[in-house]
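Spelled out from the first residue to the last, the chains are:
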Amino acid sequence: MTPPARGSLVACRDLFQIYRLAGHEVVALQGVDLDIARGELLALLGPSGAGKSTLLALVGGLERPAAGRVWVDGQDLARLPEAALTAFRRGRVGFVLQTPARNLLPYASAVQNLELPMRLAGVPAARRRERARALLAATGLQASGGRSVRALSGGEQQRLAVAVAVANEPPLLLADEPTSQLDRGNAARVLELLRVLRDQTGTTVVMVTHDPEAAEAMDRTVSIRGGRVGAEGRGGVEYAVVGPTGLLQLPAHALEVLPPGARALVEVGDGPVLLHPVEPPDEASR
Amino acid sequence: MRTISREAFGGLWLAVRALVARAGLTLALTALTAFAVGVAAAGAMYLRAAGESLLQDRLAATSPFSAGLLVERRVATSTEVERLRQLLRHDPRLAVPALTAPLFGLESEGFLTYSRPGNSDGPRARIAAREGLCGHLRLAAGRCPAAGAQDQPMQAAVSPRMARRLGLRPGSRLEATTLRGEAVAPGLVVTGIYEPTPTDPWWGMRAYFPPPPERGGGSDPPIDAVLVDHTALLRELDRSLTRNLSVTAERALDPGRVRLSNATALVGAVTQFRREAWASAGGTRVESRLPSLVDQARLDRRALTTPVLLATVQLDALAMLMLLVVARMAADARAGEIALAKLRGASSRQAFLLATYELTVVTLLAFPLGLAVGWGGASALARVQLRPGVPVAVTLPALGVAAVVSVVALAAAALAGTGQVRRRVLALWRRERPEPGTRHGLVPELALLAAAILGMVSLRLGGPRQGGGWDPVALLAPALAVLAGGLLAARALPALAGGLVRANAGSRSLAIYLAARQVARRGGAALRVVVLLTAAFGLVAFAVTVRQDQRRNHHDRAWTEVGAARALQVRLPPGMRGERIAAVADPGGRQLLPGLRTGAAVAFSGTPFTLLGVDPDRYGRVAFWREDFAGQPLGRLLAPLRPTARVPPPELGPAEEIEVRLAADSVALSAPPELTAELLGEDGRIIQVLLGPVRPGRHAYRAVVGAGGAASTESYRLLRLRLDESEELAGVTGVYRFEAVRARQGDRWRLIGGFDPDRWYVRSAQGRVLPTTAAAGSGALVIALHRDPEARVTVNSAAVPEELPAVVTTGLLEDTGQAVGGLLSVRDAQGTLLKLKVTGVARALPGTDGAFVAALVDLDGLLLYGRDTRLAGRAHLWAAAGPQADAAVGRLERLGVEIEQDLTAGQRRADLGRQAPALALLLLVLGAAAAAVLATGGMMLHLYLDGRRRRFELAVLDALGARHRDQWLPLALEHAVLVGWGVLAGGAVGLATALVVLPAVPQFLDPPRVPPALHLPDWPVLTVGAGLALALVAAGLSLVVAGLVRAARPELLREEVL
Ligand SMILES: Nc1ncnc2c1ncn2[C@@H]1O[C@H](COP(=O)(O)OP(=O)(O)OP(=O)(O)O)[C@@H](O)[C@H]1O
Ligand SMILES: [Mg+2]
């Protein structure tokens, strides 16, 4: 297994995650290979149930993979002892969960929510207050600091959740659809916040989104499909990614011509690689 | 340091916010913890108060003076008296708290003889003085005696009896002489006639007013004391004429100042006092009943400890169980926060602290609250059950127990929380949990079941245990059984519901199908709450059944011991007999039952038993009776007792003197037997007239009948003649020929009759028939005793039955090994031998004061053997319940009957209700009821929390346009099944447990031997109780369901779950 390259902060190698339910097993990830560079802004795309949230949980140290490895900042999360994993979550990552409400203590005020991770990390009170004020300003919640979370709108809750996630200035921010409930203006504001964070503190951001505009604002996009990395996009161009066993996922528009189960002839030329859809002879006769 | 405290404070603040946010859960948690703390504290506080109450009961049952201290000393001079006064008043070593200042008195050691001047004969009585006499003397005439002048006659108050005997009026002169014949110098002058007030506690332990003497007794007993002024008597002391004076100092106990806490010190002080008083003035008698009273109170309290502990332990076990369940519910509710904290990198320790903060706050809140609740409960209970005014204090043990329970509660709740801390972050959100009913959970449940069964079996086999010592099995078996029953019921529920689903699969009733399906699918939390509910209601049903059982048995016991609604001991007007006066006051024979209760003994074994003589007809109507006492109806049982027509014993008429003609031969001259006649007086008493030693030859033996030689108007009957061996115990031998009896009235002698062998029979002391020969035609009876000397020979009137038909208790039959139809030789209180012919058996005989060994005979028959002389002038009477009976008692009083003792079955029952087991059971019932209410509350809370999650489901239905009924009916049905199952299964389990255990739980029942306890469930009370419980639960449920349905609006779907 290839160890992570020097410049990358996150490296996933052949990641598998399997959920056991009462009757059957769900393979949520099946062999994900992914490298994320320091200071990169990465968008994770993909249809519902593709395994995006699962990938974030593994990278954030919330779960351990069924197989494969995750390195973050040189630490092999799969082998990290529980206490170290806790310390990792406290200091090394910020997490915005997909369900907005879960990110916050409902009965506490916005400021108290902001202070909770800092309190856990033992940040002195004065520094905490100062930092909380700055974060509220950055998310446009200056006026709502004392209000209970219940009294905030869904969008305000989401912005607050992002602010809470970065309170301890983690080198890695994992955000699961942080702009799902935001209008365009506020979504832009959150994206701006992430960009500023990266620029000022070099934070690496991994963001799951279904919003093409938000994805465009990122340095790179990675599509997950069926628990695998399907495609990658940079600067508005989408690339197919060849998987560890030579597996290739076709971009969505190619699937119209080559639907799942279709046969194709692969023709490797000097430049492009061509796929010719064909009818296998004995198959057709049957 | 500052930051740490600020941290802690910040955490606390968060915890408080969280608690407020989950007000319902917080309330439940706090209430449960407070309940657990309260029950434990209440147990301790109540125990103390009840002990205090028992002590006060003991103290109140004795007069303040007899509970206090008596100092008595013989003195010869007033200086000695003064010395003792100084000592008692001022010596600090003799100070005893809780005793009043001493009340001094003087009295003659022996009796003086009083007479009118110039006449040396008269009654004997004490002369006595008491400080503050005039404040307490009730005068019928004249005034209270004063100190008077030195040389004047001493002023005195005398009783009406003395006044009547000597013809005294205020102003009359009186002389008093000591036994040695010395006269009290200038004599006495009567200033007043007083009414004896023997019931006034002020007289303390002085017996100045003896009851009227019996008539017919030869001697002239002393009568009411002559009361004089204290200073005057002291002066007389120095005049050396009445040297034999005792000084008394009585200190009454102030019961209000005696507490369990100072009782020991008080007893110590009294002991010390005795020693000191002895040391400083030898020959001083110091008496106090305080030590023995305090000892008894301590025993009472010890008897109370185990039952109260039993109740407390069971309640606290239940409270802990509830606490665990609710703590788990709270932990579930907290799962999101813990998950969030863990997401943010909180270490296990931090997450744990976060969880514990809340519990700590709850515990801190619950501790004072629990103490207050416990205090309130104990106080309320004390007000109902204990002596009025007994304080309920928050004692140190109560605080300690409460603290221990708090800590345990905290630990239990924290334990429930640790599971959360250890689980993975995402699992917490998904509320994943191990499947219920895994084998892992089955092991402790099976162990519990086994322990419960074992406990019950060992209880049953062990039978009632006497003594009420520590018995861990008895202590816990019922609670274990109820809990195990709850577990079984909860496990059975989903299976039953599953069956219902299958049965209803094809039916059109959607509601039932949906509800049953939901119940069948229910997992851990719901079933845990069902267990709780079952256990709580099981404990209630158990406690109520046992208590009702105990109450009914107390009722039967009280009525059996008292005999009827009311038992009276009365003093009769002179010459009156109880049965006669009862016939006057209650001619119908339905309200009053006269009777004679006396001690007797089995002649062969000496076993003492109670002999009750009553009119069988009145007994059947007035006395308490329970069907199971005898195998046949009461009427048939008593029928053989009714007297058959009898020849009455020979009537002497109003005789003053009696004469018996007797010819004796071969009598031991050195030790002749004594001849005595036994006469039956009009008032039913037997009068013994000593006719003197038998001399050889034919003689007429004469003796005066009646007291004082005054002309008698009373009529007598001759019951029997007796020959007793002399004091040398030589036995009675020789040949005796009884010829005739004569009686004298005025100057006339009248022949009463001869000794016709048909109308007389002769018995030895052992009841053996002695052979007689009739001297033909002469009406004389000859007894020849040659070989075996007899201790006593009686010549009995044939009217005195040889054997009395009797209904006896099983106990008496067992003791004598007799059977129905057999004969029992017994001796009555006078030692007279009588034979009882057993005509029936009863397991208990009401009116015999709860005697296990007793016999019931016809009163008239018994009276021919004589009345207990201790009962002279008195009678036992029983009265039925109701206003008519009260009116009959009122008529009795108007006829001059004085009620000396009035005992009602109601009072007796109340007394039993105030004994230890009853008190503890009440505690258990009330505690279990409170626990059931709390468990119901917990269930409601669970349903509500669970329902809140399901609100979305309802909201979806609503948004889809489902009819209102289709929304709430399945929900209501589902909840009703869960709760109703818990209540009903609990009730059944509790009832079954009670029925299995009832005859065997010693601490609960203190089974009396008489009457045998009956164990039957009290269906009406149980039904009403179940109805009440179901109503309470239904009310709570409708609130929950209504709240949920109202909250399930379609707008809800737009909100986030918070
Ligand atoms: N705890 C779980 N138990 C069982 N299956 C799970 C669990 N969590 C996720 N899955 C399954 O794993 C797969 C991937 O889930 P994941 O939540 O990662 O999808 P996602 O890409 O985040 O989808 P979405 O865009 O809808 O959030 C899905 O098929 C989901 O059903
Ligand atoms: Mg997702």
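Bear in mind the structure is a predicted one, so any value in this text is a computation, not a measurement.

### With respect to the overall build of chain A
On a plain count of helices and strands, chain A comes out with eight helices and 13 strands. Taken over the C-alpha trace, chain A has a radius of gyration of 21 Å; the compact-globule value for 286 residues is 19 Å, and the two agree within 12%. Burial statistics for chain A: of 286 residues in total, 49% are counted as buried. If you sum the accessible surface of chain A, you get close to 13300 Å²; carbon and sulfur atoms cover 53% of it. Computing the positive centroid from 31 side-chain charges and the negative centroid from 30, chain A places the two 11 Å apart.

### A few points about the overall build of chain B
The number of helices and strands found in chain B is 26 helices and 32 strands. Burial status across chain B gives 52% buried among its 1058 residues. Intrachain contacts of chain B at a sequence separation of at least 6 include 81% that bridge at least 24 residues. Only carbon and sulfur atoms are counted for the fraction: they give 59% of the accessible area of chain B, which is about 45300 Å².

### Some words on helix 16 (residues 578–585) of chain B
All names here are of chain B. Every buried residue belonging to helix 16 is among G578, E579, I581, A582 and A585, and all of these are buried. The buried residues of helix 16 all sit within an arc of 165° when viewed along its axis, so they share a single face. At its buried positions, helix 16 is contacted by strand 13 (592–602), helix 17 (616–622), helix 20 (859–863), strand 31 (874–879) and helix 21 (883–894).

### A few points about the sheet that holds strand 2 (residues 25–37) of chain A
Residue and element names in this part refer to chain A. Here we have four strands laid out as an open sheet, ordered 2-1-4-5, and antiparallel in their pairing. In this open sheet, the two strands that pair with only one neighbour each are strand 2 and strand 5 (75–76). Relative to strand 4 (residues 67–72), strand 1 (residues 8–20) runs antiparallel, the two sharing five bridges. Among the inter-strand pairings, V10 is bridged to a residue of strand 4, identified as V72. The strands touched by helix 1 (residues 52–59) are strand 1, strand 2 and strand 4; relative to strand 1, the strand with the most contacts, the crossing angle is about 120°.

### Examining the environment of A:G91
Among the secondary structure elements, A:G91 is positioned in helix 2 (residues 82–91). Not counting chain neighbours up to four residues away, the residues in contact with A:G91 comprise A:P170 and A:P171.

### A short note on the domain arrangement of chain B
Many analyses report the size of an interface as the accessible area lost when the parts associate. Assigned domains of chain B: these are domain 1 (1–62 + 289–437), domain 2 (110–243), domain 3 (440–558 + 910–1058), domain 4 (573–646 + 803–896) and domain 5 (651–797). Computed from C-alpha coordinates alone, the two centres of domain 2 of chain B and domain 4 of chain B are separated by 42 Å.

### Describing the nonpolar core
Residues and elements named next belong to chain B. Ranked by size, the top nonpolar core spans 110 residues in total, and within it Y46, L304, M322, M939 and V979 carry the most contacts. Counting residues per element, this core draws most heavily on helix 2 (residues 23–61), which supplies 18 residues. A domain split of this core shows at least three residues from each of domain 1 (1–62 + 289–437) and domain 3 (440–558 + 910–1058). Dropping the residues within four chain positions of it, V979 is found in contact with L533, M939, L943, V1033 and L1037.

### Brief notes about the pairing of strand 10 (residues 245–251) of chain B
Residues and elements named next belong to chain B. Of all seven residues making up strand 10, seven are buried, and the element is well covered by its neighbours. Of the two faces of strand 10, both are covered, the one formed by L245, V247, A249 and R251 as well as the one formed by S246, T248 and E250. Pairing analysis gives seven bridges linking strand 1 (residues 69–75) to strand 10, with the strands arranged antiparallel. Within strand 10, the position partnered with E72 by the bridge is T248. Of the pairings in the sheet, the one linking strand 2 (residues 103–108) to strand 10 comprises six bridges and is antiparallel in character.

### Concerning the side chain of B:T30
Residue and element names in this part refer to chain B. Mapped onto the secondary structure, T30 falls in helix 2. Here T26 takes part through its backbone oxygen, which lies 2.5 Å from a polar atom of the side chain of T30. Non-local contacts of T30, meaning those with residues more than four positions away in its chain, are made with V362, L365, A366 and L369.

### Brief notes about the coordination of the magnesium ion (ligand 2)
Residue and element names in this part refer to chain A. At this site the magnesium ion (ligand 2) is bound by S53 (OG) and Q98 (OE1), with donor distances of 1.9 to 2.3 Å. Of this pair, S53 sits in helix 1 while Q98 sits in the loop between strand 6 (93–96) and helix 3 (110–120), and the two are 45 residues apart along the sequence. Classification of S53 by relative accessible area gives partly exposed; the value is 30%.

### Considerations on helix 6 (residues 230–238) of chain B
In an α-helix there are 3.6 residues to a turn, and that puts residues three or four apart on one side. When we look at burial in helix 6 of chain B, the residues that qualify are B:H230, B:A232, B:L233, B:L234, B:E236 and B:L237. Between a side-chain oxygen at the N-terminus of helix 6 of chain B and the backbone nitrogen of B:T231 the separation is 3.1 Å; the capping residue is B:D229.

### Points about the sheet that holds strand 9 (residues 220–225) of chain A
All names here are of chain A. Across the sheet, which stays open at both edges, the seven strands sit in the order 6-7-8-3-9-10-11 with mixed pairing between neighbours. The strands lining the two open edges of the sheet, one partner per strand, are strand 6 and strand 11 (237–240). Pairwise comparison of adjacent strand axes, ignoring direction, gives a mean angle of 20° for this sheet. Inspection of the sheet shows strand 9 paired to strand 10 (residues 228–234) by six bridges, in the antiparallel sense. Bridged to T221 within strand 10 is G233. On the sheet, helix 1 packs against strand 3 (41–45), strand 6, strand 7 (172–176), strand 8 (204–208) and strand 9 and is oriented at approximately 155° with respect to strand 7.

### Looking at the packing of helix 3 of chain A against helix 5 (residues 154–165) of chain A
Residue and element names in this part refer to chain A. Taken N-terminus to C-terminus, the directions of helix 3 and helix 5 make an angle of 30°; their axes are 8 Å apart at the nearest point. One way to sum up the angle between helix 3 and helix 5 is to call them roughly parallel. At the point where helix 3 passes helix 5, the crossing takes the right-handed sense. Residues A110, N113, L114 and P117 of helix 3 form the contact with helix 5, whose own contacting residues are L160, A163 and V164. Classifying every residue of the contact of helix 3 with helix 5 gives six nonpolar, one polar and no charged.

### So, the pattern of salt bridges
All names here are of chain B. Here the structure, examined in full by the defined rule, presents 52 salt bridges over all chains. The shortest N-O distance in the salt bridge between R571 and E900 comes to 3.1 Å. Here the residue R571 occupies a position in strand 12 (residues 566–571), and E900 occupies one in strand 32 (residues 898–904), the gap between them amounting to 329 residues. Under the relative-accessibility criterion, R571 is labelled partly exposed at 23%. Each of E72, E107, R206, R285 and E287 takes part in a single network of salt bridges with overlapping partners.

### A short note on the interface of chain A and chain B
Each partner contributes residues to the interface: chain A has 34 residues there, and chain B has 28 residues. Here chain A meets chain B over a buried area of about 2800 Å², counting both sides, of which 58% is carbon and sulfur. For the chain A face of the interface with chain B, the top three residues by lost area are A:R102, A:Y107 and A:L120, together amounting to 23%. Applying the counting criterion to the chain A and chain B interface returns zero salt bridges. Between the two partners, chain A and chain B, sit four residue pairs in polar contact (both at pLDDT 80 or more). Within the residue set of the side of chain A that touches chain B, elements represented by two or more residues are helix 2, helix 3, helix 4 (125–138) and helix 5 of chain A. Of all the elements, helix 3 of chain A adds the most residues to the side of chain A that touches chain B, at five residues.

### Topic: the packing of aromatic side chains
Residues and elements named next belong to chain B. In the structure shown here, the tally under the stated rule is nine aromatic pairs over all chains. Relative to F624, the ring of W559 has its centre 6.0 Å away and its plane inclined at 50°; by these criteria the two rings are tilted. Note that W559 is positioned in helix 15 (residues 524–562) and F624 in the loop between helix 17 and helix 18 (634–638), a separation of 65 residues in sequence. For F624, a relative accessible area of 12% puts it in the buried group.

### Focus on the pairing of strand 29 (residues 833–842) of chain B
Successive side chains on a regular strand alternate, one facing one side of the sheet and the next facing the other. All names here are of chain B. Pairing analysis gives seven bridges linking strand 27 (residues 803–809) to strand 29, with the strands arranged parallel. Across the sheet, the residue bridging to T809 is A842, located in strand 29. Pairing between strand 28 (residues 823–827) and strand 29: five bridges, direction antiparallel. Within the sheet, the bridge partner assigned to S825 lies in strand 29 and is K835.

### Considerations on the confidence of the model for chain B
All names here are of chain B. The share of residues in chain B with pLDDT of 70 or more is 87%, and the mean pLDDT across the chain is 80. Predicted confidence for residues 433–440 stays below pLDDT 50, and this span has eight contacts to residues more than four positions away or in other chains. Across residues 1054–1058 the pLDDT falls below 50, and counting only partners more than four positions away or on other chains, this stretch makes nine contacts in the model. Quick note on the complex model: pTM equals 0.70, ipTM equals 0.80.

Reading the values: rules and limits
- Residues numbered from 1 in each chain as written.
- Chains lettered and ligands numbered in written order.
- Predicted model: local features only at pLDDT ≥ 70, side-chain atom pairs only at ≥ 80, totals over all residues.
- Heavy atoms only, no water.
- Helix = DSSP H or I, 4+ residues; strand = E, 2+ residues; numbered from the N terminus.
- Rg over C-alpha atoms; globule rule 2.2 N^0.38 Å.
- Buried < 20%, exposed > 50% of the residue type's maximum accessible area, 1.4 Å probe, protein only.
- Areas by Shrake-Rupley, 256 points an atom, 1.4 Å probe, with all protein chains shown as cover.
- Lys, Arg positive; Asp, Glu negative; His and termini not counted.
- Charge placed at Lys NZ, Arg CZ, Asp CG, Glu CD.
- Contact = heavy atoms within 4.5 Å.
- Arc of directions from axis to C-beta.
- Pairing = 2+ DSSP bridges.
- Axes fitted to C-alpha atoms, helices over the stretch in contact; angles between N-to-C directions.
- Domains from an automatic or database assignment.
- Core = buried A, V, L, I, M, F, W, Y, C linked by side-chain atoms within 4.5 Å.
- Polar contact = N/O pair within 3.5 Å; in protein donor to acceptor, adjacent residues only side chain to side chain.
- Donors = N, O, S within 2.8 Å, 3.2 Å for Na, K, Ca; no water.
- Parallel < 35°, antiparallel > 145°, perpendicular 65-115°, else oblique.
- Left-handed = near helix turned anticlockwise from the far one by under 90°.
- Nonpolar A, V, L, I, M, F, W, Y, C, P; charged D, E, K, R; others polar.
- Salt bridge = Lys/Arg side-chain N within 4 Å of Asp/Glu carboxyl O.
- Buried area = accessible area lost by both parts, 1.4 Å probe.
- Phe/Tyr/Trp six-rings, centres within 6.5 Å; stacked < 30°, edge-to-face > 60°.
- pLDDT = per-residue confidence, 0-100.

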